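Structure assessment
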Amino acid sequence: MPTDRRPLLPRPGDELPEVRVDLGSSRLVAYAGATWDWHPLHHDTAYARAAGLERPVADGQMFGALLASALQRWAGGSARLESLGMRYRRPVYVDDTVALAGRVTGVDGDEDGVRVRLEQTVRNGGSIAVSATAALLLPPSAGHQAGRVDEGTPR
Amino acid sequence: MAGNQPGTERAGSLLTAELRAMVGSRASYTAAEPVTRSAIRYFARAAGIDDADEPPAVDERGAALAPPTMVCETNEFYAGTLPGHGYLGHVWDLPLPPSRGLRGGNEYVFFRPLREGDVVTVHWRLAEVGERRTRSGGVLLSVVSDVEYVDAGGDVIARNRETMLYQPMAAVDAD
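Below or above, wherever it landed, is the structure these notes cover. Values in this document were obtained by computation on a predicted structure and should not be read as measured data. (Residues numbered from 1 in each chain as written. Chains lettered and ligands numbered in written order. Predicted model: local features only at pLDDT ≥ 70, side-chain atom pairs only at ≥ 80, totals over all residues. Heavy atoms only, no water.)

**Some details on the pairing of strand 3 (residues 97-110) of chain A**
Residues and elements named next belong to chain A. Condition: In short, DSSP must find at least two bridges between two strands for them to pair. Each helix is a run of H or I in the DSSP string that is no shorter than four residues. Each strand is a run of E no shorter than two, and both are numbered from the N terminus.
As paired elements, strand 1 (residues 15-22) and strand 3 share six bridges and run antiparallel to each other. Bridging across to strand 3, Leu16 finds its partner in Gly102. Where strand 3 meets strand 4 (residues 113-124), 12 bridges bridge the pair, whose relative direction is antiparallel. Within strand 4, the residue paired with Leu100 across the bridge is Val122. From the end of strand 3 to the start of strand 4, which pair antiparallel, there are two residues.

So, in structure tokens, the structure goes:
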């Protein structure tokens, strides 16, 4: 069962709560402005169609921000995102609504803290638009002791 | 997607000798100004981050900390006249016929958060090129770049391995 916040000690199999995001034109325009990327593929319908697309397409990198935000919301402010790798499998278009999901795949500890590995997806309807892997570092002060992490069994 | 061996280019291949010769190409850009707190808030708001309008997390010196992916996703570090296609970021001048470019993937590694006040230099290197056939028999070219974001002291803030995919427009029209 997904929990709004991570368990004190995440275990393989723990699921993140699903996050649904409406990708209306205002959101795409805001992201374009915030990232200084005004490519017409992301806001110009005629341009997008001339390029062989149905309509303006969401910048794939936007999903990095959304996936990272979902991870941080679940893991809490003390967690540090160490890595995020994404594969963009299908275009996502303006006015699509996507669902972000994630699952813990591994947990290990060292003197730096507890490292949580995760898989994430961005679903658009019945298809996976983006697949991702991530690693979060939970500091020792977050209630864990390095070297005593039990990988445990998946829930 | 593995790179084809030289001399095995097939009809319709985009993997020309001229393109292969670009592997190892480099480009660097230094931001015209430091990262600002308002830019951080704008990114957080655009990314739908909770509490985007609340005071941001700060470091020990009171500098606002950016959401982790901002350093790799913003193009504010690139200066110059806005090109006709509206994209200010780095683009390799690839010897290709008219093609559609799409993102294939990004792999980010973060060494520390981007901070208010950072003056960032971005280093690009064209790392790999490769090609495969699509199910419909068309050609799909991949171009992999290694990108490094460093601060004014030369310390690495983040790295980004970016894969761009290119498909000739003639093939796109045929689909």
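**Digging into the interface of chain B and chain A**
How large an interface is tends to be reported as the accessible area lost when its parts come together. Applicable threshold: Note on contacts: a residue pair is in contact if any heavy atoms of the two residues lie within 4.5 Å. Buried surface area refers to the total accessible area, computed with a probe of radius 1.4 Å, that the two partners give up upon joining, counted for both partners together. The term salt bridge refers to a pairing of a side-chain nitrogen on Lys or Arg with a carboxyl oxygen on Asp or Glu at a separation within 4 Å. N or O atoms closer than or at 3.5 Å make up a polar contact, with two conditions inside protein: a donor-capable atom paired with an acceptor-capable one, and, for residues adjacent in sequence, both atoms drawn from side chains. We call Asp, Glu, Lys and Arg charged. Ala, Val, Leu, Ile, Met, Phe, Trp, Tyr, Cys and Pro are nonpolar, and the rest, Gly among them, are polar.
Taken together, the contact pairs 35 residues of chain B with 35 residues of chain A. Between chain B and chain A, the buried area comes to about 2,800 Å², and carbon and sulfur atoms account for 55% of it. For the pair chain B and chain A, the interface holds one salt bridge. The closest approach of N and O atoms between Arg103 of chain B and Asp59 of chain A, which form a salt bridge, is 3.3 Å. Taken together, chain B and chain A are joined by 15 residue pairs in polar contact (both at pLDDT 80 or more). Tallying contributions element by element places strand 2 (residues 99-110) of chain B first for the side of chain B that touches chain A, with 10 residues. Its residues placed into classes, the side of chain B that touches chain A shows 16 nonpolar, 11 polar and eight charged.

**Remarks on the pairing of strand 5 (residues 127-138) of chain A**
Both faces of the sheet carry side chains from a regular strand, because those side chains alternate between them. Residue and element names in this part refer to chain A. The cut-off we apply is this: Working definition: with a 1.4 Å probe on protein chains only, accessible area under 20% of the residue-type maximum means buried, over 50% means exposed, and in between means partly exposed.
The buried count for strand 5 comes to nine of 12 residues, which makes it a mostly enclosed element. Two strands pair when backbone bridges link them, and strand 2 (residues 80-88) and strand 5 are joined in this way by eight bridges, in the antiparallel orientation. The partner of Tyr88 across the bridge, within strand 5, is Val130. Pairing of strand 4 with strand 5, which is carried by 11 bridges, proceeds in the antiparallel orientation. In the strand pairing of strand 5, Arg117 is matched with Ala135.

**A short note on helix 2 (residues 37-46) of chain B**
Just so we agree on the cut-off: Note that the arc is defined by the directions from the helix axis to the C-beta atoms.
When we look at burial in helix 2 of chain B, the residues that qualify are Ala39, Ile40, Phe43, Ala44 and Ala46 of chain B. Summarising the axial view, the buried residues of helix 2 of chain B lie within an arc of 165 degrees, below the 170-degree limit, and thus occupy one face. Contact partners of the buried residues in helix 2 of chain B: helix 1 (25-34) and helix 3 (62-75) of chain A together with helix 3 (70-73) of chain B.

**Some thoughts on the sheet that holds strand 2 of chain B**
Keep this limit in mind: Note on method: axes are straight lines fitted to C-alpha atoms, helices fitted across the in-contact stretch only, with angles between N-to-C directions ranging 0 to 180 degrees.
One open sheet holds the 10 strands; their spatial order is 1(A)-3(A)-4(A)-5(A)-2(A)-2(B)-5(B)-4(B)-3(B)-1(B), and the pairing between them is antiparallel. Edge positions in the open sheet fall to strand 1 of chain A together with strand 1 (26-30) of chain B, since each of these has one partner strand only. Mean inter-strand twist for the sheet, computed between neighbouring axes without regard to direction, equals 20 degrees.

Treat this as a map of the structure, not an account of what it does.
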